[in-house]
Amino acid sequence: MDLMPVDKSALRDYQLTRTTSNRSAICHAPTTSLFFGIGGDVLACCMSREYPLGNIKNSTVKDIWNGSIMKQMRKDMSRNQLNEPCKYCVQQLNGRNFKNFHAANYDRYVDRRLKHYMRLGRRPKYPRIMEFELSNICNLECTMCNGFFSSSIRKNRENLPPIETPYNEDFAQQLEEFLPHLTDAKFLGGEPFLAPINYEIWDRIAAINPDIEVHITTNATILNKRVKDLLNKMNVTYIVSIDSIERDTYLQIRKNADYDRVMDHVDFFRQKSAARNRPVSFAVCPITTNRLEMPSLIEYCNQHEMTIYFNTVSYPESLSLRMMPSQDLFHLIEHYTTNRPNPAGRYGEHNLAKFDDLLNQVKFWANQALALESV
């Protein structure tokens with residue numbers, strides 16, 4: 001498998017920003033995480049879709065965690081080698097987009113034993129985090145999404161049959177061995193509150209290890225009694241997928257959504273989270289449609305004591321900032337620089353760091369585009 005070109009200077013600078021003292025690997029996902037994707041593929045993380053470790057249709061969770069592919073990935077990461085499946089992270093690293101760098105998310109799950117394990121060529125016995133993208137059931141048809149992640153798009157826009165899920169009660173039972181060892185469980189993909197299999201797992205988490213921090217990435221369109229009752233039984237952190245707080249822009253991107261209902265639900269999540277002294281997060285997709293609104297999104301999050309994270313959108317290319325002409329990207333850089341948010345409030349510094357690294361990413365793309373246009 002081909003290695004991806006990593007900017008050594010950027011790698012050195014990234015290492016200095018890391019919050020973990022264990023920098024023995026560029027990414028700790030293979031030693032801390034399992035990601036269960038739509039269709040049954042099991043990955044180290046959601047960005048390595050071209051490098052499945054196995055499939056739940058023909059392997060158990062335990063066999064995949066202990067398997068040879070995962071072992072090789074751990075070795076590669078310990079050598080600071082990023083292969084073709086990690087191209088998304090290479091773009092972020094080389095663009096010095098450190099605060100939005102996906103691999104950095106796994107540093108928090110490392111303990112000192114992992115370095116010892118890797119030196120001996122051994123594996124950790126259990127993952128610390130599991131990520132569940134088990135279904136594409138979704139009620140929205142977002143412009144930057146596709147039918148793999150949204151059943152509504154698959155049916156209405158692509159005219160394709162539903163994706164059959166391999167995840168069932170047997171899969172949920174396999175997880176029971178792992179749940180006592182988890183610190184975190186993340187649910188995303190489609191709309192998690194519409195997927196029946198998620199409730200099977202949430203019931204087990206509530207019964208076996210209710211201290212697990214359950215992260216649910218939701219489009220905030222679903223908030224019924226069943227959801228509220230469940231949220232009271234678990235330790236939930238809310239991540240809201242939202243790309244604009246401007247009604248017209250929001251409705252242009254998030255097809256089928258009710259703007260007022262979503263904003264009401266965001267307020268509910270904020271109130272629930274404030275009672276436990278933790279923030280709600282916005283997960284934002286900067287695309288051509290909303291590109292000018294990133295500063296105002298930061299200001300909104302600062303004002304409401306929320307955190308923000310910027311996804312990197314590569315497809316569809318027509319909406320990707322990465323594919324914009326250099327002149328447009330340099331105009332965007334000027335807009336971001338001129339309207340750089342004030343780091344006010346409890347999470348102001350955190351959010352400004354995310355914004356500044358998004359700006360770094362745009363600068364990287366602008367220079368890439370300029371170089372290509374000059375050929």
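Structure shown above.
Every value quoted in this text rests on a predicted model; they were computed, and no experiment measured them.

Undergrad: Which residues make up the packing of aromatic side chains, and what values go with them?
TA: Inspection of the entire model under this criterion finds 17 aromatic pairs. Between tyrosine 238 and phenylalanine 269 the ring centres are 4.5 Å apart and the planes differ by 20 degrees, which places this aromatic pair in the stacked class. Here tyrosine 238, found in strand β7 (residues 235-241), pairs with phenylalanine 269, found in helix α12 (residues 259-275); they are 31 residues apart in sequence, far enough to count as distant. Tyrosine 238 gets classed as buried once you look at its relative accessible area, which sits at 1%. Residue phenylalanine 269 is classed as buried on the basis of its relative accessible area, which comes to 0%. Judged by centre distance (5.8 Å) and plane angle (5 degrees), the ring pair of phenylalanine 282 and tyrosine 300 falls under stacked. One end of the pair, phenylalanine 282, is in strand β8 (residues 281-284); the other, tyrosine 300, is in helix α13 (residues 294-303), with 18 residues separating them in the sequence. One exposure class covers both phenylalanine 282 and tyrosine 300, and it is buried. Members of the aromatic cluster, each reached through a chain of ring pairs, are Phe36, Phe132, Tyr167, Phe171, Phe187, Phe193, Tyr199 and Trp202. Over the face of the ring belonging to tryptophan 65 we find arginine 74, whose NZ or CZ atom lies 4.7 Å from the ring centre. Sitting over the ring of phenylalanine 268, lysine 228 keeps its end group 5.2 Å from the ring centre.

Undergrad: Report on the sheet that holds strand β4 (residues 129-132), specifying residues and quantitative values.
TA: Read from one edge to the other, the open sheet built from nine strands follows the order β3-β2-β1-β4-β5-β6-β7-β8-β9, with strand pairing classed as mixed. The outermost strands of the open sheet, each flanked by one partner alone, are β3 (54-55) and β9 (307-310). Helix α9 (residues 196-208) rests against β4, β5 (184-187) and β6 (213-218) of the sheet, and its axis sits at about 160 degrees to β5.

Undergrad: Please give an account of the pairing of strand β1 (residues 33-36) that cites residues and values.
TA: Burial of the side chains of β1 extends over both faces: Ser33 and Phe35 are buried on one face and Leu34 and Phe36 on the other. With four bridges joining them, β1 and β4 adopt parallel strand pairing. From the neighbouring strand, serine 33 faces β4, where its bridge partner is isoleucine 129. Bridge analysis of β1 against strand β2 (residues 41-43) gives two bridges, and the strand direction is antiparallel. Among the inter-strand pairings, phenylalanine 36 is bridged to a residue of β2, identified as valine 42. The turn linking β1 back onto β2 is made up of four residues, and glycine 39 within it adopts a positive phi angle of 95 degrees.

Undergrad: Can you explain unusual backbone geometry? Please cite residues and give values.
TA: Going from tyrosine 315 to proline 316, the amide bond is cis rather than trans, its omega being -5 degrees. Note that proline 316 resides in the loop between β9 and α14 (326-338). In this model, arginine 96 sits at a positive phi of 55 degrees, which is unusual for a non-glycine residue. Its place among the elements puts arginine 96 in the loop between α5 (87-94) and α6 (113-119). Unlike most non-glycine residues, asparagine 277 shows phi in positive territory, near 60 degrees.

Reading the values: rules and limits
Residues numbered from 1 in each chain as written. Predicted model: local features only at pLDDT ≥ 70, side-chain atom pairs only at ≥ 80, totals over all residues. Heavy atoms only, no water. Phe/Tyr/Trp six-rings, centres within 6.5 Å; stacked < 30°, edge-to-face > 60°. Helix = DSSP H or I, 4+ residues; strand = E, 2+ residues; numbered from the N terminus. Buried < 20%, exposed > 50% of the residue type's maximum accessible area, 1.4 Å probe, protein only. Lys NZ or Arg CZ within 6 Å of the ring centre and 35° of its normal. Pairing = 2+ DSSP bridges. Contact = heavy atoms within 4.5 Å. Axes fitted to C-alpha atoms, helices over the stretch in contact; angles between N-to-C directions.

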